[in-house]
Amino acid sequence: MKFDKKDLFEMNRCYTIAPVNIDNKNGFAFASDGKDAKGIAFLGDNFEERETLWENAGGCMSIKQIPDKQNEFLAIHEFYLKKSPSISKIVWLKKINDVWMKKDLIHFPFIHRMDIVEIDSTKFVIFATISHFKKNKEDWQLPGAVYAFELPDDYSKDFYINPSLVFEGLYKNHGYFNNGMGKLYFSGVQGVVELNLIDSRIENWQTSMIYNGPTSDLLLYDLDKDGKEELVKIDDFHGNTARILKKNGQNEYKEQFSYSNGAEIIHGLSVIEINETPTLIISARKGTAELIIIQYRKGEYIKEVVDSGLGPINVAAANFNDEIYIGAANHTTNKATVYKLAKD
């Protein structure tokens, strides 16, 4: 499988990547986890149109487009694992008269993951903290937690946010996945927690542990198309092995495939259908610093290397106008890069 590569921009500590739609144009937004940085979206058929979403703000862990609001986003800013007390926050971005405006939505310590879900016409912001408090980078004495609140309707109005605690107790609360069907997944030292969004009352949401074992990042998808989702997980915390697990007849997850190949800090996971074949995308920040794809073909998992040596920390796949793209935030080499699936 061949991909055409395009380096879009040099960005120090390029970390965050997200598919976006701005002014009816598809593209990818990139941001840095370093200090005093920019958030930039690259749009259009060849990603040559550029929108600067913000300047002079770093520590971006996530960018999420607000559903049904084309030019409005939420983003995590000022998350720094080494900095205590934490100054992390979620900001609200909106394009008004061709100018990107920004206001703080909520300040909260160590916000690491964030999403927007809609239930019964109500939009909720759900965020995960990696820890309640950290004295320094190596301090993991306290677990993280997950919180939620209703997103205000109007950017222009004043608001006060008082988040509700959804659950706590997950140490190194690092990984997150939204299956798009009302279930969210969080991962850490103890394993993978499923959060079932039963209805629009936060107190009714239910949690359960679906996998026991240290997990850095995860996703669930039916990779072999047998009607059952596989669990893809990265070991430990910023671990060096990714595994594909499948439930057996005793409802226990068993390994089907593993990937390491000299990779270090495997961090990015994404999945997309290519010609109706589920395609898993994995990226590693160090070591081989690879970007790879994995497909299930003729009874086995097949790995292909898309690129190596660039150190993508996060990846995102998208189908724009029937063209397949992979966006890669190359943290090690400070590059925002896009790969387009070449036509046969």
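Here, the structure is the one placed above.
(A) Representation of the overall build of the protein. When you go through the protein residue by residue, the secondary structure sums to zero helices and 28 strands. What you see for the protein is a C-alpha radius of gyration of 19 Å, in line with the 20 Å of a compact globule of 344 residues. Considering only C-alpha atoms, the protein reaches an extent of 55 × 45 × 40 Å along its principal axes. Burial statistics for the protein: of 344 residues in total, 56% are counted as buried. For the protein, contacts bridging at least 24 residues in sequence account for 44% of all contacts bridging at least 6. Within the structure as shown, the protein displays about 15300 Å² of accessible surface, and the carbon and sulfur contribution to it stands at 42%. Taking the 41 positively charged and 49 negatively charged side chains of the protein as two groups, their mean positions are separated by 5 Å.

(B) Here's a closer look at the packing of aromatic side chains. Enumeration over the complete set of coordinates arrives at 22 aromatic pairs. Three or more aromatic residues link up through ring pairs in this structure, and these residues are F28, F47, F320 and Y325. One Lys or Arg, K103, reaches over the ring of Y155 and ends 4.9 Å from the middle of that ring.

(C) Up close: unusual backbone geometry. With an omega of 5°, the peptide bond between S84 and P85 qualifies as cis. Within the secondary structure, P85 sits in the loop between β7 (72–77) and β8 (89–96). Notably, S121 is not glycine yet its phi reads approximately 70°, a positive angle. In this fold, S121 is placed in the loop between β10 (111–119) and β11 (122–129). Phi at A289 is positive, roughly 50°, even though this residue is not glycine. Given a relative accessible area of 5%, A289 falls into the buried group.

(D) Region of the structure containing the environment of E273. Inspection of the secondary structure assignment puts E273 in strand β22 (residues 263–274). Expressed as a C-alpha distance, the spacing of E273 and G262, which sit eleven residues apart in the sequence, is 27 Å. In this structure the side chain of E273 is engaged in a polar contact, spanning 2.6 Å, whose partner is the side chain of Y221.

(E) Inspection of the nonpolar core at higher detail. One finds I244, Y259, I266, L280, I282 and I294 to be the most contacted residues of the largest nonpolar core, which totals 27 residues. Those elements giving two or more residues to this core turn out to be β18 (215–221), β19 (230–235), β20 (242–247), β21 (253–259), β22, β23 (277–287) and β24 (291–297). Tallying contributions element by element places β22 first for this core, with four residues. The next biggest cluster of nonpolar side chains, apart from the first, holds 26 residues, and it includes M61, L74, W140 and I161.

(F) View of the sheet that holds β10. An order of β10-β11-β12-β13 is seen for the four strands of this open sheet, with the pairing classed as antiparallel. Each having just a single partner strand, β10 and β13 (164–170) make up the two edges of the open sheet. In this sheet, adjacent strand axes meet at a mean angle of 15° when their direction is disregarded.

(G) The layout of surface pockets, seen in detail. Considering only enclosed or pocket space, the largest pocket measures out at about 970 Å³ in volume. Taken together, 35 residues form the lining of the largest pocket, with K64, Y176, F177, L269 and V315 sitting closest to its centre. Every element with two or more residues in the lining of the largest pocket is listed here: β2 (14–22), β6 (63–65), β10, β14 (175–178), β18, β22 and β26 (312–320). Across the lining of the largest pocket, the residue classes tally to 20 nonpolar, ten polar and five charged. Surrounding the second largest pocket, 25 residues form its lining, R13, D33, L81, K82 and K137 being those nearest its centre. At the level of elements, β22 and β23 are the ones that each hand at least two residues to the lining of the second largest pocket. When its residues are assigned to classes, the lining of the second largest pocket shows ten nonpolar, six polar and nine charged.

(H) Local environment of the pattern of salt bridges. One pass over the full model with this rule turns up 21 salt bridges. Between K6 and E48 there is a salt bridge, with its nearest N and O atoms 3.6 Å apart. In this pair, K6 is assigned in strand β1 (residues 3–10) and E48 in the loop between β4 (39–43) and β5 (49–54), connecting sequence segments 42 residues apart.

(I) How the structure looks around the sheet that holds β14. Spatially, β14-β15-β16-β17 is the arrangement adopted by the four strands of the open sheet, whose pairing is antiparallel. Two strands lie at the open edges of the sheet, namely β14 and β17 (206–212), each paired on one side alone. Strand-to-strand twist of the sheet, defined as the mean angle between neighbouring strand axes without regard to direction, takes the value 20°. Of the pairings in the sheet, the one linking strand β15 (residues 183–187) to strand β16 (residues 191–196) comprises five bridges and is antiparallel in character. Within the sheet, the bridge partner assigned to L184 lies in β16 and is L195.

(J) Geometry of the pairing of β11. With seven of its eight residues buried, β11 lies for the most part within the structure. For β10 and β11, the ladder comprises eight bridges, and the chain directions are antiparallel. Following the sheet pairing, E118 is matched in β11 by K123. Two successive antiparallel strands, β10 and β11, enclose a turn made up of two residues, where D120 displays a positive phi of approximately 50°. Across six bridges, β11 lies against strand β12 (residues 144–150) in antiparallel orientation. Residue pairing for β12: T129 is matched across the bridge by A145.

The rules behind each value
Residues numbered from 1 in each chain as written. Predicted model: local features only at pLDDT ≥ 70, side-chain atom pairs only at ≥ 80, totals over all residues. Heavy atoms only, no water. Helix = DSSP H or I, 4+ residues; strand = E, 2+ residues; numbered from the N terminus. Rg over C-alpha atoms; globule rule 2.2 N^0.38 Å. Buried < 20%, exposed > 50% of the residue type's maximum accessible area, 1.4 Å probe, protein only. Contact = heavy atoms within 4.5 Å. Areas by Shrake-Rupley, 256 points an atom, 1.4 Å probe, with all protein chains shown as cover. Lys, Arg positive; Asp, Glu negative; His and termini not counted. Charge placed at Lys NZ, Arg CZ, Asp CG, Glu CD. Phe/Tyr/Trp six-rings, centres within 6.5 Å; stacked < 30°, edge-to-face > 60°. Lys NZ or Arg CZ within 6 Å of the ring centre and 35° of its normal. Polar contact = N/O pair within 3.5 Å; in protein donor to acceptor, adjacent residues only side chain to side chain. Core = buried A, V, L, I, M, F, W, Y, C linked by side-chain atoms within 4.5 Å. Pairing = 2+ DSSP bridges. Axes fitted to C-alpha atoms, helices over the stretch in contact; angles between N-to-C directions. 1 Å grid on protein atoms, 1.4 Å probe; cavity = no way out; pocket = protein on both sides within 12 Å on 5 of 7 lines; lining within 4 Å. Points joined across faces, edges and corners; volume = space filled by probe spheres on them. Nonpolar A, V, L, I, M, F, W, Y, C, P; charged D, E, K, R; others polar. Salt bridge = Lys/Arg side-chain N within 4 Å of Asp/Glu carboxyl O.

All we've got here are geometric facts, nothing functional implied.
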